[in-house]
Amino acid sequence: MIPIAKPLIGEEEKRAVLEVLSSGALAQGTKVKQFEENFAGYVGTKYAIATSSGTTALHAALLAAGIEKGDEVITTPFSFIATANAILYCGAKPVFADIDPKTFNIDAEKIEEKITKRTKAFLVVHLYGQSCSIDAIKEICEDHDLKLIEDACQAHGAEYRGRKVGSFGDCAVFSFYSTKNMTTGEGGMITTDDARIAEKARLLREHGSKLRYHDVLGYNYRMTDIAAAIGIEQLKKLDAMNHKRISNAKLLTRGIEKITGLETPYISPHAKHVFHQYTIRVREEYGISRDALVERLNKNGIGTLVYYPLPIHKQKLYKKLGYRDKLPMAEEAAKEVLSLPVHAGVSETEIRHIVASLSIE
Ligand SMILES: *Cc1c(COP(=O)(O)O)cnc(C)c1O
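The shown structure was predicted, so the numbers you read here are calculated from the model rather than taken from an experiment.

*Asks:* Explain a nonpolar patch on the surface here, please?
*Replies:* There is a patch of nonpolar side chains on the surface, built from L18, L21 and L26 and spanning about 270 Å² of accessible area. Tracing the backbone through its elements, the reader meets L18 in helix α1 (residues 11-23).

Spelled out as structure tokens, the structure:
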């Protein structure tokens, strides 16, 4: 089976973990600090704060950016559920703006109409490894004096006009879950240039305590040194792993673009797309059914997944909360998208097998 995702763990990671285990200092310590410094340097921000997951990073980042009960945060309906849930954790309300059907990212032209007196921030996602139109969105933020937070959980190393994502907003978050472009098993990171956000995020991660006095309601969102040791090694390999994803994506596109009814990923001319997912659209009007295609690929030993079969506003939790939005572009995408293996562990022979399996009539 060619899995849809697979972490690439080498001897370096194993050695680094063993070293931490032998040291006896397993919890947050020097390795976390080192990983934070290296990650901030990579993204190009002054600060980085490691956490236990992308989800806890999102929660802490939103709180640190000042999101409170009653605030509205504009975000995309087409993402992993954690993006919107983190807004709920703060007692705030996610407000969904529809997506651009080409990039699957939030449509910069649909954001402004969603702004109300209660809007405090935009939480944008760089989906599948491609930056959203971050320049245009940043401008709208500045015009309306709103905060900008990037969910870069799928976009380690992605760029927009030559600048790394995670460095555009007031703050940004990354995930190191084991399916992401780099991993620590579970883990997350907040990046920011804002000293106050950085300090607040550090407090929230540690029960709200500085020097054992507890000033605010905090959490235990810490990363372990075991995880950080893996992260330090993974970060060194990130560019090479992304490079392999990009070249796999090119090969897939070369084969798939000839197949009627299948639409290959659009790459914005301003973006460096790092292909967390390689996601095609299956146009059923050409007589191809997505379900049948999935079945055929699985039979041929190829793992696939639909990211995401249901937009967030259509999920039961959100329906119960009263969401009745009509967001046609997100809803159509949910019916058509299909992700294929593109990760750094997929060989050229396997890519040819995937293309061949798609080509059979
Ligand atoms: C993976 C992911 C998250 C959550 O990260 P975890 O580390 O799994 O908590 C949040 N947002 C997006 C877009 C993701 O892909």
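*Asks:* So what exactly am I meant to see when it comes to the site of the ligand here?
*Replies:* With respect to spatial proximity, 16 residues lie near the ligand, and among them G54, T55, D151, S175 and K180 are the closest. One of the backbone N or O atoms of G54 is found 2.8 Å from an oxygen atom in the ligand. One nitrogen or oxygen atom from the side chain of K180 is found 2.6 Å from an oxygen atom belonging to the ligand. When the ligand sits alone it has 380 Å² of accessible area, and the protein chains cover 93% of it. Here the ligand is seated within the largest pocket. Sort the elements by how many residues they give to the shell around the ligand and helix α3 (residues 54-64) lands first, with three residues. Here the shell around the ligand is built from residues that sort into six nonpolar, eight polar and two charged.

*Asks:* How do you make sense of the sheet that holds strand β13 (residues 271-272) when you look at a structure like this?
*Replies:* Strands pair in a sheet through their backbones, by hydrogen bonds, and they do so in one of two ways: parallel or antiparallel. Read from one edge to the other, the open sheet built from three strands follows the order β7-β6-β13, with strand pairing classed as antiparallel. Edge strands, defined here as strands with exactly one partner in the open sheet, are β7 (163-164) and β13. As paired elements, strand β6 (residues 159-160) and β7 share two bridges and run antiparallel to each other. Looking across to β7, one finds that E159 is bridged to K164.

The rules behind these values
- Residues numbered from 1 in each chain as written.
- Predicted model: local features only at pLDDT ≥ 70, side-chain atom pairs only at ≥ 80, totals over all residues.
- Heavy atoms only, no water.
- Patch = residues over 30% accessible without salt bridge, like charges linked within 9 Å, V, L, I, M, F, W, Y side chains within 5 Å.
- Areas by Shrake-Rupley, 256 points an atom, 1.4 Å probe, with all protein chains shown as cover.
- Salt bridge = Lys/Arg side-chain N within 4 Å of Asp/Glu carboxyl O.
- Helix = DSSP H or I, 4+ residues; strand = E, 2+ residues; numbered from the N terminus.
- Near = heavy atom within 4 Å.
- Polar contact = N/O pair within 3.5 Å; in protein donor to acceptor, adjacent residues only side chain to side chain.
- 1 Å grid on protein atoms, 1.4 Å probe; cavity = no way out; pocket = protein on both sides within 12 Å on 5 of 7 lines; lining within 4 Å.
- Sits in = over half its atoms within 2 Å of the grid points.
- Nonpolar A, V, L, I, M, F, W, Y, C, P; charged D, E, K, R; others polar.
- Pairing = 2+ DSSP bridges.

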